[in-house]
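Here are the chains, one letter per residue:
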Amino acid sequence: MSSPLYDVEKNPSPALEAETKPVEKKASSLRTWGPAMVAVAGVIAINAALLGPTGNGIPPLSDRHLKARKLSESRTSDVMALDFDALADHKLFTSQRGFGSRNLSDDEGGVMEYTRRRHRYLGEYTHVDVSDEFSALGKWSTAVIYFAFWVFLMFPNWFLPIGRPGIALGGGLTMVVWRFLLQITGHGPWFDAERVIIMEPLFLLFGLMLTTIYLEKMERGGLFDKLRDSLDDPINWKRSFKIMAMSTIGSAAVMNDSVVLIFSGVVVDLCVKNKVANSLPYLLSLATTANIGSALTMTGNPQNILIVSLAYDDIPWLEFATNMVLPVIAATVINGAMVFIYYSKELFPGSSGLFENFGIVLGGNRTPEMLAQEHAFYAREAAAKEVKGDEENLGWTIWSKLQIIVVVLFLAAFAIGLDVCVVSICAGCILMVMTAWKRQHYDPKPDNVDYDAEGNPLPPKKTYDMDGNEIEPEEEELITESETTLTEVDYGLLMLFIGQFLLIGSFDDTGVPQAFFSLTMGGCAEQMTSVPCVYWFVMVVTILSNLASNVPVVQMLAATFPYATPYDWIQVSFSATIAGNLTMLGSAANMIVAFQAAKVGDRTFTSERHAPFGIPSTILSLYAGTFILTLIHFSPECSVRLGECEE
């Protein structure tokens, strides 16, 4: 059965023919992958010019870096000599899910006690280094298994039709079994699988799926439908622009995973409604700008939240946002322009080229094909209003207003710092209770009356027992939420992330990511955010974020560089976030978009189609933003708590 996205009427009107006309000629491999290859070659050339072909151009450490090294070694030696209560530390770390307050009084131990707690938390709870407990066989066999399943996840259609959730869960279980075999044969340490499964993202995804489903299913024409209509537009490029604007702002305000989970289905619905032949530009508009927009705030994505919680010095919300605003704007403009250039045939039908596209965007011009699309759009809208009649004019019903209240309370709770996992699940449960009450007491009951051929109601059938006594009909059983809406939660998506956590956690134990970082950074490691090393550093972080995921990379950097400055973390945050657009596995948001789109029959968002756009867009956005950050930043390049800033 074909997807509804590609179904076309048997006798389409001329307007629809123009709207659904397929691309006549398939682009060559060179045209498809050429920009990506040029971008990669440009990165190599820039860094070779700045650092030398073999790294011989890396500058020596400055006096500031030498002072920072001396202070770091002294501070670490001092805190390691402090006495501590292991049981009290364990209670603190587990109860607060962190190392506690940064601002301890003198009676509590001050900066030294804070440093000791943080140092121990990073080394024994956040990033536990067990790489020296692997044999060579154990280390490299684990890495081979990880990369094999990384390829399977990247290109699931190349192999058996299992799907990413099945591949990820199979990979995770394979890794658990293999690590057990390594342990009993003496080739590796015990694998703490429970520790590497991060529960917060799973709780958040479940709560968001619950909330989204009930926002959509509670009422036809409710908040969800009104939100969908607000993104629609008869002009293709305007529809794409609206999606990008909503995704950028929403990801900065809430969280990128939340935005793509809610709007992936909306974008596919819009493509189906407008009979779009290629939905990839719209799905890319959603996914890429969600990642870019999430870089703006410290609550935009999981790695930013982790960075702010693990940084040695305080990074206030406003300071974080002011640092990021210009790089995010630059990345958004570059990414948006590339969407319009790459997919100009889909977004500007009938246009003769780039210059005419500028006239269309800036001057409001229309091609004949765009006018035909616009006329067809308004014709469908008029026909739909005639069919719906008065239903379209109901406006904001009491149920829509209740939905708005729940959503506003959810956003307010998130803004004041309440646990977003708990808030999202509570919002979903409240909407579930409201929907169940509405269906039981407010919605019209289903019509179970049988009718004859002429439409006349038939009397209810009577049933009798063996003795000829009439059996009274039983009361109709209520249909529960467990039988209806709760079954629509994408448990496969949760399985996908559980499997990935197991794979990434085991790979991280081997120490291969740390070794890769040390080998590639070389003499730039201690001056990673200084020019020219910063341009190589952000590329290494981008590669690692796509190979080993951005959250483990942030944990590794926090443990490796415990006294990194606020400016260092700003650069890490920007590069680890923008890295999400490089490949399909670079960001959870990409996986969610692909999974949600495939669930409704749209399988255009694949790794093979994502990478030709994602690689050049990511590299250009990354280097433009990094360049801006090196020139304009408001976070100090020294650590106040370490004493670097005293001079």
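Quick caveat, the model's predicted, so the values are computed rather than measured. (Residues numbered from 1 in each chain as written. Predicted model: local features only at pLDDT ≥ 70, side-chain atom pairs only at ≥ 80, totals over all residues. Heavy atoms only, no water.)

The description of two aromatic rings rests on the distance between their centres and on the angle between their planes. Taken as a whole and assessed by the stated rule, the structure comprises 18 aromatic pairs. Ring centres of Tyr146 and Phe507 lie 4.3 Å apart, and the angle between their planes is 5°; on these two criteria the pair is classed as stacked. Residue Tyr146 is located in helix 6 (residues 136–154), and its partner Phe507 is located in helix 21 (residues 491–509); the two are separated by 361 residues in the primary sequence. Overall, the relative accessible area of 4% leaves Tyr146 in the buried class. Owing to a relative accessible area of 3%, Phe507 belongs among the buried residues under this scheme. (Phe/Tyr/Trp six-rings, centres within 6.5 Å; stacked < 30°, edge-to-face > 60°. Helix = DSSP H or I, 4+ residues; strand = E, 2+ residues; numbered from the N terminus. Buried < 20%, exposed > 50% of the residue type's maximum accessible area, 1.4 Å probe, protein only.)

Attention now moves to the packing of helix 7 (residues 164–184) against helix 21. At a minimum axis separation of 7 Å, helix 7 and helix 21 run at an interaxial angle of 35°. The two elements helix 7 and helix 21 meet at a crossing, and its hand is left-handed. In this structure, helix 7 contributes Arg164, Pro165, Ala168, Leu169, Gly171, Gly172, Met175, Val176 and Arg179 to the contact, and helix 21 contributes Gly492, Met495, Leu496, Gly499, Gln500, Leu502, Leu503, Ser506 and Asp509. Classifying every residue of the contact of helix 7 with helix 21 by side-chain character gives nine nonpolar, six polar and three charged. (Axes fitted to C-alpha atoms, helices over the stretch in contact; angles between N-to-C directions. Left-handed = near helix turned anticlockwise from the far one by under 90°. Contact = heavy atoms within 4.5 Å. Nonpolar A, V, L, I, M, F, W, Y, C, P; charged D, E, K, R; others polar.)

Attention now moves to the domain arrangement of the chain. As assigned here, the chain comprises domain 1 (135–191) and domain 2 (200–382 + 395–402 + 489–634). Computed from C-alpha coordinates alone, the two centres of domain 1 and domain 2 are separated by 28 Å. Taken together, the 23 residues of domain 1 in the interface contact 26 residues of domain 2. A combined buried area of about 2100 Å² lies between domain 1 and domain 2, and 76% of that area is made up of carbon and sulfur atoms. Of all residues in domain 1, Tyr146, Arg164 and Pro165 bury the most surface against domain 2, accounting for 27% of the area lost on that side. Across the pair Arg179 and Asp509 runs a salt bridge, and its minimum N-O distance is 3.3 Å. (Domains from an automatic or database assignment. Buried area = accessible area lost by both parts, 1.4 Å probe. Salt bridge = Lys/Arg side-chain N within 4 Å of Asp/Glu carboxyl O.)

Checked against the element boundaries, Arg102 lands in the loop between helix 4 (86–96) and helix 5 (110–126). Arg102 gets classed as buried once you look at its relative accessible area, which sits at 15%. A distance of 3.3 Å separates a polar side-chain atom of Arg102 from the backbone oxygen of Ser309. Leaving out residues up to four positions away in the same chain, Arg102 has contacts with Tyr114, Val308, Ser309, Leu310, Ala311, Tyr312, Asp313, Asp314 and Arg641. (Polar contact = N/O pair within 3.5 Å; in protein donor to acceptor, adjacent residues only side chain to side chain.)

Let us look at the packing of helix 11 (residues 236–253) against helix 13 (residues 280–294). At a minimum axis separation of 7 Å, helix 11 and helix 13 run at an interaxial angle of 25°. One finds that helix 11 runs roughly parallel with respect to helix 13. Once helix 11 is placed against helix 13, the crossing between them reads as right-handed. Contact with helix 11, carried on its side by Asn236, Arg239, Ser240, Ile243, Met244, Met246, Ser247, Thr248, Ser251 and Ala252, involves Pro281, Tyr282, Ser285, Leu286, Thr289, Ala290, Gly293 and Ser294 of helix 13 and no other residues of that element. When its residues are assigned to classes, the contact of helix 11 with helix 13 shows eight nonpolar, nine polar and one charged. (Parallel < 35°, antiparallel > 145°, perpendicular 65-115°, else oblique.)

This brings us to the pattern of salt bridges. As enumerated under the stated definition, the model contains 15 salt bridges in all. As a salt-bridge pair, Arg102 and Asp314 come within 3.6 Å of each other at their nearest N and O atoms. With Arg102 in the loop between helix 4 and helix 5 and Asp314 in the loop between helix 14 (302–310) and helix 15 (317–342), this pair connects stretches of sequence that are 212 residues apart. Of the charged contacts, one joins Lys273 and Asp232 as a salt bridge, the two residues approaching to 3.0 Å between their closest N and O atoms. Of this pair, Lys273 sits in helix 12 (residues 256–273) while Asp232 sits in the loop between helix 10 (223–231) and helix 11, and the two are 41 residues apart along the sequence. Judged by relative accessible area, Asp232 falls into the buried class, the value being 6%. Put simply, Asp89, Glu113, Arg116, Arg117 and Arg120 are held in one network by salt bridges that share partners.

We now examine the environment of Asn546. By the secondary structure assignment, Asn546 is in helix 23 (residues 533–548). According to the relative accessible area criterion, Asn546 is buried, its value standing at 4%. Taking the C-alpha atoms as reference points, Asn546 and Met584, 38 residues apart in sequence, are found 8.5 Å from one another. Those residues in contact with Asn546, other than ones at most four positions away along the chain, are Trp150, Ala579, Leu582, Thr583, Leu585 and Gly586. One polar contact links Asn546 to Thr583, side chain to side chain, over a distance of 2.5 Å.

For the rest of this paragraph, the subject is the state of the cysteines. With the rule as written, the count across this model stands at two disulfides. Residue Cys524 pairs covalently with Cys533 via a disulfide, S to S 2.1 Å. On the sign convention where negative means left-handed, the S-S torsion of about -65° between Cys524 and Cys533 marks this disulfide as left-handed. Bonded cysteines in the chain are paired 1-2, 3-4 when counted in the order they occur along the chain. Considering cysteine sulfurs only, Cys426 is the nearest to Cys429, which forms no disulfide, with 6.5 Å between them. Here Cys429 falls in the partly exposed class, since its relative accessible area comes to 32%. (Disulfide = S-S within 2.5 Å.)

With that settled, consider the environment of Tyr312. Relative to the assigned elements, Tyr312 resides in the loop between helix 14 and helix 15. Here Tyr312 falls in the buried class, since its relative accessible area comes to 0%. Only 2.7 Å separates the side chain of Tyr312 from the side chain of Arg75, close enough to count as a polar contact.

With that out of the way, let us pick up the nonpolar core. Counting residues in each nonpolar core, the largest one holds 94 residues, and the members touching the most others are Trp237, Leu286, Leu347 and Phe605. For this core, the element with the most residues is helix 21, which contributes ten residues. Both domain 1 (135–191) and domain 2 (200–382 + 395–402 + 489–634) contribute no fewer than three residues apiece to this core. Not counting the four nearest positions on each side in its chain, Trp237 is found in contact with Phe340, Leu347, Phe348, Ile360, Val361 and Met370. Grouped together as the second largest cluster of nonpolar side chains are 62 residues, Val43, Val534, Val541 and Val553 included. (Core = buried A, V, L, I, M, F, W, Y, C linked by side-chain atoms within 4.5 Å.)

Quick look at helix 7 now. Helix length check: helix 7 (21 residues) gives 30 Å between terminal C-alpha atoms against 30 Å at 1.5 Å per residue, within 8%. Considered for burial, the residues of helix 7 that qualify are Arg164, Pro165, Ile167, Ala168, Gly171, Gly172, Met175, Arg179 and Leu182. Seen from one end, helix 7 has its buried residues packed into an arc of 165°, which puts them on one side. Turned more than 90 degrees off the buried face of helix 7, the exposed positions are Leu173 and Ile184. The first or second residue beyond helix 7 is Gly186, which carries a positive phi of 80°. (Expected span 1.5 Å × (residues − 1). Arc of directions from axis to C-beta.)

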